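For reference, the chains in residue letters:
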Amino acid sequence: MSYMLFMDESGHDHKALPYEVRGGLCLEVAKVWEITQQIKRLEYACFGDHLNKYGSEIKAVKLLEKKRFKWAAAAPPFPAEQRRELARTFLARTARKEEPPPDTWRAYGQASIEFSRGLVNLLIRNEVKLIASMIPKGSESRPAEVNQDFIRKDLTFLFERYFYFLEDHQSDGILVLDETDRVDDQRYLRKLERYFSVNDKGKQHSSLILPSPLFISSDMSYAIQAVDVLIYMIGTAYRPKYSNIQAERREDVAGLVGRLLPRLVYKTKRSAPDGTGFTSESVFLVEEPWGLKEVKASRTDVVFRAPRRASLQS
């Protein structure tokens, strides 16, 4: 049995989101096609068609844009078939650069919200797990005193969590990355190669994780598009309790999926070098990723009446 970690990132433009988030969805290879078909069926059920027919794709910044929530709330919920018909009209009009009628905006907003919530539920039903690292905005640039070959802590912890998952499932894993700018992709590939060949942890992790990733364009993969949505949700609505960073969250997104996101987190028991046990969680915050002080990769605890537990040392 093998798993693929479909990866993407959010908040790297350092504008809207208070965190830079990198991570992915861990899908069993044998289930990738079936889950892809389920996402396509959900897309059709919500929008009445597939977005790629209109030159678009599933993107979180569009689906979860603030104005989508305003559109959705501007009218009572449309019956499913009427919503699909109106959403198709909206897609067709905007593709032709024509002004859509008001009801089509409202229906499209409702379709976007319905799809976003439905996607998280779909992944939960399929027992898909999310692995993601978060660092605060403003800490992404390498300080002058840090060697350029230094492997950032959030990257180390990210692959550590993937390794734990694969180890528990007695499996091996493949990395599938969103293809973006060729120069950026090559730069990230060099970083991965250095991690898996030089870093002691990386060498250990390469026993289960194939060090050579696959790159695929997001418009060619529903799995990558799904990751885009989930990573954006983490950046906008998922907040650690045990942090000195008071980051604003999107209450609309939190209200939509906040109680669902923790069910995608993978938890496993591990032992520290001193023999003490701890629980590792697959979505976590690294407040200081450059090794300039002691780093804690705390599990990311959401502020949705979740039970209070102690912060964990990685």
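Read on for a plain summary of the structure. Keep in mind it's a predicted model, so treat the numbers as computed, not measured. (Residues numbered from 1 in each chain as written. Predicted model: local features only at pLDDT ≥ 70, side-chain atom pairs only at ≥ 80, totals over all residues. Heavy atoms only, no water.)

Let's talk about the overall build of the protein
So, point 1. Across its full length, the protein holds 10 helices and 9 strands.
So, point 2. By sequence separation, contacts in the protein at least 24 residues apart represent 73% of the contacts at least 6 residues apart.
So, point 3. Working note: accessible area of the protein is about 15100 Å², and carbon and sulfur atoms make up 49% of it. (Helix = DSSP H or I, 4+ residues; strand = E, 2+ residues; numbered from the N terminus. Contact = heavy atoms within 4.5 Å. Areas by Shrake-Rupley, 256 points an atom, 1.4 Å probe, with all protein chains shown as cover.)

A look at the environment of Val29
So, point 1. Here Val29 shows up in the loop between strand S2 (19–28) and helix H1 (32–47).
So, point 2. Owing to a relative accessible area of 36%, Val29 belongs among the partly exposed residues under this scheme.
So, point 3. Each C-alpha atom, one on Val29 and one on Leu5, is 9.6 Å from the other, the two residues being 24 residues apart in sequence.
So, point 4. The contacts of Val29, once residues within four sequence positions are left out, are Ser2, Tyr3 and Met4. (Buried < 20%, exposed > 50% of the residue type's maximum accessible area, 1.4 Å probe, protein only.)

Concerning the pattern of salt bridges
So, point 1. All chains considered together, the criterion is met by 23 salt bridges.
So, point 2. Residue Arg84 is joined to Glu81 by a salt bridge in which the shortest nitrogen-to-oxygen separation is 3.1 Å. A residue pair is termed a helical-turn pair when its members lie 3 or 4 positions apart in one helix, as Arg84 and Glu81 do in helix H4 (residues 80–95) at 3 residues.
So, point 3. With a relative accessible area of 18%, Arg84 lands in the buried category.
So, point 4. According to the relative accessible area criterion, Glu81 is partly exposed, its value standing at 46%.
So, point 5. Between Asp154 and Arg152 there is a salt bridge, with the nearest N and O atoms lying 2.9 Å from each other. (Salt bridge = Lys/Arg side-chain N within 4 Å of Asp/Glu carboxyl O.)

A short note on unusual backbone geometry
So, point 1. Its identity is not glycine, yet Lys97 carries a phi of approximately 60°, on the positive side.
So, point 2. With respect to the secondary-structure elements, Lys97 resides in the loop between H4 and helix H5 (102–125).
So, point 3. Residues other than glycine seldom take positive phi values, yet Glu127 does so here, at roughly 55°.
So, point 4. Looking at the secondary structure, you find Glu127 in the loop between H5 and strand S3 (129–136).

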